[in-house]
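# Coordinate analysis (summary)
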Amino acid sequence: TAFPEVRTVVLTGAASPRGIGRASAHFLAEQGWNIGIIDLDADAARAVAAEIAEQHGVQAAGAGANVADEAQVRAAYDELEAALPQIVALVNLAGVSSPVPYLEVTADEWKRVMDINMNGVHYATRRAVESMVEHGVGRVVSLSSVSAQRGGGTFSKTVYSAAKAGVIGFTRSVARELGHQGITVNAISPGPIDTDIMGGTLTEERKTAMAADGVLPRIGTPRDIAAAIAYLISEDAGFVTGQTLNVDGGLYMH
Ligand code: NAD
């Protein structure tokens, strides 16, 4: 099936001012993608959509949803689907960090992080691919983390690593099931990226220490990840599926 000229990408978790999602939404709008944003912060989602429409001259809309709540995710997606051109791509970015040591993880913390970082990816993906199979074309990209592959070691610890590793298994399996329907499903595994997810702990000293651990002498920028997303949702990436693209300055090689 043809990859439509006029097309939309929906990004979850794209409302935080210095986040990977907002930077990616701008980057993709520059390439002509229309933009749908789902975020916990509904006002911020709509504000980012308005700023994108104004700056890049594409269509954009925002909707509020907690990705851990399937009914909310489906309602937000329905709203965006009704308002925007054909949704060809979904990018799952909504996520939270969890620097809690394993022996201090409560049942509530375990559930909170799994609900958002793992179940949230499933809820949004499930809704998106239901429509993508009807069109016979789709791209799904989900944000994993180097923490999943190296066993934490940057900021977040075990619950986060487990959820992000779950995203990789989920990606491979959905990719296998839906490939014959024209849908590719991939993950991106970033190293430390300069955003606010680490809750103000990312000092210049900390950045230098994290960079020293990798091959390239710096930590990553949201744009580094945006460019990887742009590739994986492009028409030209149509032969790439079930993969995890490490964008981490060489922190993890395998
Ligand atoms: P961020 O905190 O800037 O952005 C996260 C976004 O998700 C925010 O807009 C927030 O409002 C939204 N969000 C949080 N909980 C939500 C929920 N329950 N429902 C809906 N939206 C919710 O973080 P970021 O650094 O841009 O991270 C984006 C993604 O990349 C996350 O999945 C994160 O785990 C992953 N990642 C980040 C890094 C890093 O170093 N920054 C490294 C590896 C992976």
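Residues numbered from 1 in each chain as written. Predicted model: local features only at pLDDT ≥ 70, side-chain atom pairs only at ≥ 80, totals over all residues. Heavy atoms only, no water.

## A word on the layout of surface pockets
Any space left empty among the atoms is revealed by the rolling of a water-sized probe across them. In this model, the largest pocket occupies a volume close to 710 Å³. Broken down by secondary-structure element, the contributors of at least two residues to the lining of the largest pocket are helix H1 (20–30), strand E2 (34–39), helix H5 (146–150) and helix H6 (158–178). Counted by class, the lining of the largest pocket contains 19 nonpolar, 14 polar and 3 charged residues. Computed from the structure, the second largest pocket encloses a volume of approximately 180 Å³. Around the second largest pocket, the lining comprises 15 residues; the ones closest to its centre are Arg-218, Ile-219, Gly-220, Asp-248 and Gly-249. Here the lining of the second largest pocket is composed, by residue class, of 8 nonpolar, 4 polar and 3 charged. (1 Å grid on protein atoms, 1.4 Å probe; cavity = no way out; pocket = protein on both sides within 12 Å on 5 of 7 lines; lining within 4 Å. Points joined across faces, edges and corners; volume = space filled by probe spheres on them. Helix = DSSP H or I, 4+ residues; strand = E, 2+ residues; numbered from the N terminus. Nonpolar A, V, L, I, M, F, W, Y, C, P; charged D, E, K, R; others polar.)

## Notes on helix H3 (residues 70–83)
Its 14 residues place the ends of H3 20 Å apart at the C-alpha level, agreeing with the 20 Å of an ideal helix rising 1.5 Å per residue. Elements that come into contact with the buried residues of H3 comprise strand E1 (8–12), E2, strand E3 (60–64), strand E4 (87–92) and helix H4 (107–135). Near the N-terminus of H3, the side chain that reaches the backbone nitrogen of Ala-71, with its oxygen 3.1 Å away, is that of Asp-69. (Expected span 1.5 Å × (residues − 1). Contact = heavy atoms within 4.5 Å. Polar contact = N/O pair within 3.5 Å; in protein donor to acceptor, adjacent residues only side chain to side chain.)

## Regarding the site of the ligand
Near the ligand there are 27 residues, and of these Ser-16, Ile-20, Asp-39, Tyr-160 and Thr-195 occur at the shortest range. Here an oxygen atom of the ligand sits 2.6 Å away from a polar atom, N or O, in the side chain of Ser-16. Ile-20 places a main-chain nitrogen or oxygen 2.7 Å from an oxygen atom of the ligand. For the ligand, whose free accessible area comes to 830 Å², the fraction covered by protein is 91%. If you map the ligand onto the pockets, it falls in the largest pocket. (Near = heavy atom within 4 Å. Areas by Shrake-Rupley, 256 points an atom, 1.4 Å probe, with all protein chains shown as cover. Sits in = over half its atoms within 2 Å of the grid points.)

## Description of empty space enclosed by the protein
What the rule picks out here adds up to 1 cavity of 30 Å³ or more. In this structure, the largest cavity encloses a volume near 30 Å³. In this structure, the largest cavity is lined by Thr-12, Val-67, Asn-92, Ala-94, Ile-116, Gly-120, Val-121 and Ala-124. Broken down by element, the residue count for the lining of the largest cavity peaks at 4 residues, all from H4. When grouped by side-chain class, the residues that make up the lining of the largest cavity number 5 nonpolar, 3 polar and no charged.

## Topic: the confidence of the model for the protein chain
Per-chain confidence: the protein chain averages 97 in pLDDT, with 100% of residues scoring 70 or above. Scoring the predicted complex yields pTM 0.98 and, for the interface, ipTM 0.99. (pLDDT = per-residue confidence, 0-100.)

## A short note on the packing of aromatic side chains
Applying the stated criterion across every chain yields a total of 1 aromatic pair. Between the aromatic rings of Phe-3 and Trp-33, the centroid separation amounts to 6.2 Å while the plane-to-plane angle is 90°, which identifies the pairing as edge-to-face. Of this pair, Phe-3 sits in the segment before E1 while Trp-33 sits in the loop between H1 and E2, placing them 30 residues apart in sequence. There is no split in this pair, since Phe-3 and Trp-33 are both buried. Arg-7 extends its terminal NZ or CZ atom over the ring of Trp-33, reaching a point 4.4 Å from the ring centre. (Phe/Tyr/Trp six-rings, centres within 6.5 Å; stacked < 30°, edge-to-face > 60°. Buried < 20%, exposed > 50% of the residue type's maximum accessible area, 1.4 Å probe, protein only. Lys NZ or Arg CZ within 6 Å of the ring centre and 35° of its normal.)

## Some remarks on the pattern of salt bridges
Once their charged atoms are close, side chains differing in charge can pair, the charge on each being opposite to the other. A full pass over the atoms with the stated rule returns 14 salt bridges. Salt bridges here are not isolated pairs; linked through shared partners, they connect Arg-18, Asp-194, Asp-196, Glu-204 and Lys-207. (Salt bridge = Lys/Arg side-chain N within 4 Å of Asp/Glu carboxyl O.)

## Quick notes on H4
In an α-helix there are 3.6 residues to a turn, and that puts residues three or four apart on one side. For H4, with 29 residues, the first-to-last C-alpha span of 41 Å sits near the 42 Å given by 1.5 Å per residue. Of all the bends in H4, the greatest, near 40°, is centred on Asn-119. (Bend = angle between axes of the 7 residues up to and from the residue.)

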